[in-house]
Structure formats: C-alpha cells, structure tokens
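# Reading the structure
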Amino acid sequence: MFLKNTDVVIIMCIMYSPVVRVSLNFLPYIQPRQNQENTMADANAAVAVVTVSLVLLGLLSGLSLSWALLPVAVVVLIFVLASGLKGRDELAHLNVCVLVLGDIGRSPRMQYHALSLSRHGYNVTLIGFLGTKPHQDIIEDDRIDILPISELKGLTVGPKIFRYASKVIFQTFQLFYVLMKIEDQGYILMQNPPGLPAIAVTWVASRFRGTQFIIDWHNYGYTIMALTHGQNHFIVKIAKWYEKLFGCFSDHNLCVTNAMREDLRKNWNIEATTLYDKPPPIFRETPLKLQHELFIRMGSTYLPFRPSPDVTKEYMELTAFTERTQTGAVTRSSGRPALLISSTSWTEDEDFSILLQALEEYEKFVEAGDKLPSLVCVITGKGPQKEYYKKLIDSKELQHIKICTPWLEAEDYPVLLGSADLGVCLHKSSSGLDLPMKVVDMFGCCLPVCAIHFQCLHELVKHEENGLIFKDSKELSEQFKLLFADFPSDQGKLGIFRKNLRESGQCRWDENWDQNVLPLIKEHCD
C-alpha cells in the first residue's frame, strides 16, 4: 500500500511537530569541550553530514524535495538552540557511557566492558533495551546505572521502505535526546552493529558534548542485512555507505579480530585496536556437586535431564548424568549419555539443519552397532528462527538422542557449559571477520568444540588442538563418532583436547581488557 502525498505530509508533520519542544529540553544538558572553537567546528561538521543523510533518507522514502528538506530545518533548529553551551563537569573524565542499540542482557561483551570500567573506578551509564535480564554482577554494581531505552518500531502504514525510514528517524531523536540528557561523560563506548542510526547520532552528540567517541566493531551491520536482502539490494548499499562514512568519525576504535582490524585499515581507513573476546572468570569447569544441582533444577522442566525410568536406586538422588547419596557424595552415573551443547541467537547466520542432519547420521551409527553413547543435545538461546527449528526438532524420531532448547539465566549458562562434554558452533560470520563468543566461553570452561569453517576461525579454533573444524553435516557426524568413540574415558581425542585447553594458560577478559583498553582510557584522562 502506497501513501498519497497528503498522507505523507500529515505523517511528517506528526513526526516533527514535537521537535521544537524536545529541542528546548536539550539546552540544560549540552556541554562543550574546554576548547569551544573545536567543539563548534565538530558540531558544524556533524550537522552538515547528518542533515545530508536525512535528506537522502527522505528522498528514498518517496518524499518530494521540499518535504525531504524538512530535516534541514529540524537539525538547524537544534543546532541553534545548542549554541548556548555551558561549562563542563570537571569530573566528567570518570564517567563512561556504554551504549548498545540492542538487548543489554544479550550483549555480553558490552556488559564486560561496563564491569571492567567499574572495576577501575569509572562510573558507567549502560544504555540499551531491557529485553533480557542483565548479569547479576551488572545489577548489583553500585557504579553501573542501567538507562533503558524503548525499542521503537516505527510507523505501521505505507511502503516498507517508508516504515523502516520512520523507525530510523524515531530512534534518531530518542537516542539523541537520551545522549544529550545524561550527565557529562568522558567517553561514549558504542557497540556496532547495530549502528543505524546509532553511529551518526552518537557522533553528533559527542561533538556537542565534548565526549570521546569509541566504536567497538563486533561485525559490519550491512553484511548482516545482506543475509536477508542480498548484497546488491539498495538498502544494503546505503547501509554500507552509511557505516563506512560515519565509522571514520569516531575518535577511537576497537575490533574483535586481527582480520577485521586489517580490513578496517585497508578498506575503511580506520585504525583499530584488536580486543579479542576472552572469557571472564565465571566461565570455568563446573565442580561435580554444582553440576548435579543444575541437572536437578533443569530436570524439573526438561525431560532429557531426568534419569531413565528404568533406573531406580534406593536412597539416591538421580539425574540423567549424576547421582547423589544420602551422605551428599556426588558421582557420575554409569552408562550416562554424553552432554552436547550449542548456543545460538537463532538467526540466518547459523544453519541448525546441519546439526540436526549430523545427529540423524549419528543415530544411524548407533543403530548399526557402533559402541557410542546416547546423546543429550542442549541448544540454548532466543531468536527469530527458534520456533521454526523447534517444529523441525519435534518432527524427528530419534531413539538414542534427546534434544531440548531451553533459555538459561545468565548465572546458569556458564555452569551448564562447564558441565558439558562437547560444544558445537554453527556460527558463520556474515563478514567473515568476527569470531563466535560462544566458543570463547566454551574454551573458558575447557570445553572442546566442533565449529563450522569460515574465513578467520583459525584465530580462535586450532584444528586437532582444542577442537575440530567441519564444513558440512557429514563431516560433523564423523567427528561426533570419532570424539565419542572412547566416551566416557578421558584418554581419547576429547580428553586430549580438554587437557590442551587446561594447559593453554588462556588469557581472561580482565587481563586482556587491562592491556588493550585501559591504556586508551587513561591516556585521554591524563
């Protein structure tokens, strides 16, 4: 359904009518740098670039030139009202805003940033959506304030491009207002993706307020969009242009791999510091007693964690994997199944049909007489494709494999990882330049991994050292057969990989952050 010109005019008027009143609220919060001339020069540049971008967005939405120029008046008005800048808080360098235009609870790296900053005495304002409960350490930290923002949806009428454009515009004003309203900050540390409109808005706000702007590049947003629309879609091309243009305006940059650092330098003219994802201390091998307690809790909801109906032992507390006597001693159950775990956001960059096909092949190995254990396969996470795969899983008739798809609290997830026998990763980077954090967490728990191949995976997974790399379901099923051939003995390949992980002396998040990010923060503060 396409809007008439009169409809567009009315909607645009509704969208922009509150701007004058909102802009008046900005005045008490806008702060300059000590050098006001530099601040105003940066602000002028910000206004010019963002205004041009908004005009182009309006034209692409089907507006006439006169109405597409409306953002010019809006932004100029805000800029004029911002001309009365006041003095900056002397303690602003001790404040850091950590920003993610997404669910805070599902953004572990940004939560780790916040905790590291707090550990070094910085006051943190953590901005994002409150869809999933953040980690308890975040909630209990007195130095970390969570500032939730709404996940705006945009208009529900008109062409799809217009609805998307309205969402971006709504988010632009919401985010700009929030960033101008919070107290003075020394830094704004922003996750990308998602970066539309966050990169441009954060840059403008940082220029007005004299704040250092850091982008933490987890991936490229346009490559994720390309999974749905295709690389040649004009929306994807605009997203790439936007990301490349505004990404260059940040003061500092972090990224997750050396491959991404090189790509940013070579193709984007951006210098970045590689900050590999590393596991925090909560990811470690789980003591047997804690494993048993988790399995008891999981068994109250999920059948695969309960003991087989054929197994009865008097005066003992049983799970599918462990048993506890009256004295409190916990041991592993004889003939227990192997615990296979994978975590996912259930998005297009992970094809779980590969895992399901590999499990079906494994079932055939068992039925053919191979001495292999039964499997309990746990797939954790939330996401748009979860219901599709749950229906697919329910349609399978597997006798030796049980599959469940729980959502775990942040505190239970590392305990389950530390209890598992093998991890599986189906993450295929949309850019080929980022690494799956789930594997980082698994390695923190000394859990060997089977991971699907992509461009820079070798920076994390060392084939035949800490895990195996596969390309398709057939290869994955053969790896299952190889690794579980000696189960539950620790003398086979699975045991060797775990031993290698224990002896690797892998760096943890705190140490890694202190080496790569803290000097950057202190350099500015000094």
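Computed from a prediction, not measured in an experiment: that's the story for all the values here. (Residues numbered from 1 in each chain as written. Predicted model: local features only at pLDDT ≥ 70, side-chain atom pairs only at ≥ 80, totals over all residues. Heavy atoms only, no water.)

What follows is about the overall build of the protein. Regarding its fold elements, the protein presents 21 helices and 16 strands. Here the protein, with 526 residues, has 54% of them falling under the buried criterion. In the protein, 73% of the contacts between residues at least 6 apart in sequence involve partners at least 24 apart. Summed over its atoms, the accessible surface of the protein is roughly 23,600 Å², and 53% of this surface lies on carbon and sulfur atoms. (Helix = DSSP H or I, 4+ residues; strand = E, 2+ residues; numbered from the N terminus. Buried < 20%, exposed > 50% of the residue type's maximum accessible area, 1.4 Å probe, protein only. Contact = heavy atoms within 4.5 Å. Areas by Shrake-Rupley, 256 points an atom, 1.4 Å probe, with all protein chains shown as cover.)

Mean pLDDT over the protein stands at 84; residues scoring 70 or higher make up 81%. Low pLDDT, under 50, characterises residues 1–41; the stretch is placed with 75 contacts to residues that sit more than four places away or in other chains. (pLDDT = per-residue confidence, 0-100.)

It is worth spelling out the state of the cysteines at this point. Going through the model one piece at a time under the given rule, you end up with 0 disulfides. In this structure Cys 377 is not part of a disulfide, and its nearest cysteine sulfur, from Cys 404, lies 8.0 Å away. No disulfide involves Cys 446; its nearest neighbouring cysteine sulfur is the one of Cys 445, lying 7.7 Å away. (Disulfide = S-S within 2.5 Å.)

Burial of the side chains of strand 16 (residues 467–470) extends over both faces: Gly 467 and Ile 469 are buried on one face and Leu 468 and Phe 470 on the other. With 4 bridges connecting them, strand 15 (residues 449–452) and strand 16 associate as parallel partners. Directly across from Cys 450, in strand 16, lies its bridge partner Leu 468. (Pairing = 2+ DSSP bridges.)

Locating Glu 350 in the fold gives a position in the loop between strand 11 (338–343) and helix 14 (353–367). Assessed through its relative accessible area of 4%, Glu 350 is described here as buried. Taking C-alpha positions, Glu 350 is 9.6 Å from Ile 452, a pair spaced 102 residues apart along the chain. Every residue in contact with Glu 350, bar those within four places of it in the chain, is listed here: Ser 343, Thr 344, Ser 345, Gln 385, Tyr 389, Leu 426, His 427 and Lys 438. Within polar-contact distance, the side chain of Glu 350 engages the side chain of Lys 438 at 2.3 Å. (Polar contact = N/O pair within 3.5 Å; in protein donor to acceptor, adjacent residues only side chain to side chain.)

Mapped onto the elements of the fold, Arg 498 is located in helix 19 (residues 493–503). Judged by its relative accessible area of 14%, Arg 498 falls in the buried class. A polar side-chain atom of Arg 498 sits 3.1 Å from the main-chain carbonyl oxygen of Ala 420. Contact partners of Arg 498, with chain neighbours within four places excluded, come to Glu 285, Ala 420, Asp 421, Cys 445, Cys 446, Leu 447 and Pro 448.

The next point concerns the packing of aromatic side chains. What the rule picks out here adds up to 23 aromatic pairs. Ring plane angle 40° and centroid distance 6.4 Å describe the contact between Phe 480 and Phe 484, whose orientation is recorded as tilted. Pair check on accessibility: Phe 480 and Phe 484 agree, each one buried. Pairwise contacts between aromatic rings join Trp 203, Tyr 242, Phe 246 and Phe 249 into one cluster. Directly above the ring of Phe 365 sits Lys 481, whose terminal nitrogen or CZ lies 4.7 Å from the centroid. (Phe/Tyr/Trp six-rings, centres within 6.5 Å; stacked < 30°, edge-to-face > 60°. Lys NZ or Arg CZ within 6 Å of the ring centre and 35° of its normal.)

The omega angle of the peptide bond from Leu 196 to Pro 197 is 10°, so this bond is cis rather than trans. Mapped onto the elements of the fold, Pro 197 is located in the loop between strand 4 (187–192) and helix 9 (198–209). Phi at Cys 446 takes a positive value of approximately 55°, unusual for a residue other than glycine. Within the element layout of this structure, Cys 446 appears in the loop between helix 17 (437–444) and strand 15.

Looking now at the nonpolar core. For soluble globular proteins, nonpolar side chains are generally found buried alongside one another. Formed by 61 residues in total, the largest nonpolar core has its most connected members in Phe 305, Leu 339, Val 378, Leu 416, Leu 417 and Val 461. Top element by residues in this core is helix 17. It accounts for 5 residues. Apart from the residues within four sequence positions on either side, Leu 339 is in contact with Phe 295, Phe 321, Val 376, Val 378, Leu 416, Ser 419, Ala 420, Asp 421 and Leu 422. If you look at the next biggest cluster of nonpolar residues, it comprises 42 residues, including Cys 97, Ile 188, Cys 255 and Leu 264. (Core = buried A, V, L, I, M, F, W, Y, C linked by side-chain atoms within 4.5 Å.)

Let us now look at a nonpolar patch on the surface. Taken together, the side chains of Phe 234, Ile 238 and Trp 241 present a nonpolar region at the surface, about 260 Å² in accessible area. Along the polypeptide, Trp 241 turns up in helix 11 (residues 234–247). (Patch = residues over 30% accessible without salt bridge, like charges linked within 9 Å, V, L, I, M, F, W, Y side chains within 5 Å. Salt bridge = Lys/Arg side-chain N within 4 Å of Asp/Glu carboxyl O.)

Okay, the sheet that holds strand 10 (residues 330–332) next. Judged by pairing direction, the sheet is antiparallel, and its 3 strands sit side by side in the order 8-9-10 without closing on themselves. For this open sheet the edge positions go to strand 8 (317–318) and strand 10, each flanked by a neighbour on one side alone. Note that strand 9 (residues 322–324) and strand 10 share 3 bridges and pair antiparallel. Bridge assignment links Thr 322 to a residue of strand 10, and that residue is Arg 332. Helix 13 (residues 288–299) rests against strand 8, strand 9 and strand 10 of the sheet, and its axis sits at about 100° to strand 9. (Axes fitted to C-alpha atoms, helices over the stretch in contact; angles between N-to-C directions.)

The next point concerns the environment of Met 442. By the element assignment, Met 442 lies in helix 17. Overall, the relative accessible area of 0% leaves Met 442 in the buried class. Taking the C-alpha atoms as reference, Met 442 lies 9.5 Å from Glu 285; in sequence the two are 157 residues apart. With sequence-adjacent residues up to four places away left out, Met 442 is seen in contact with Ile 341, Ser 342, Leu 417, Gly 423, Val 424, Leu 447 and Val 449.

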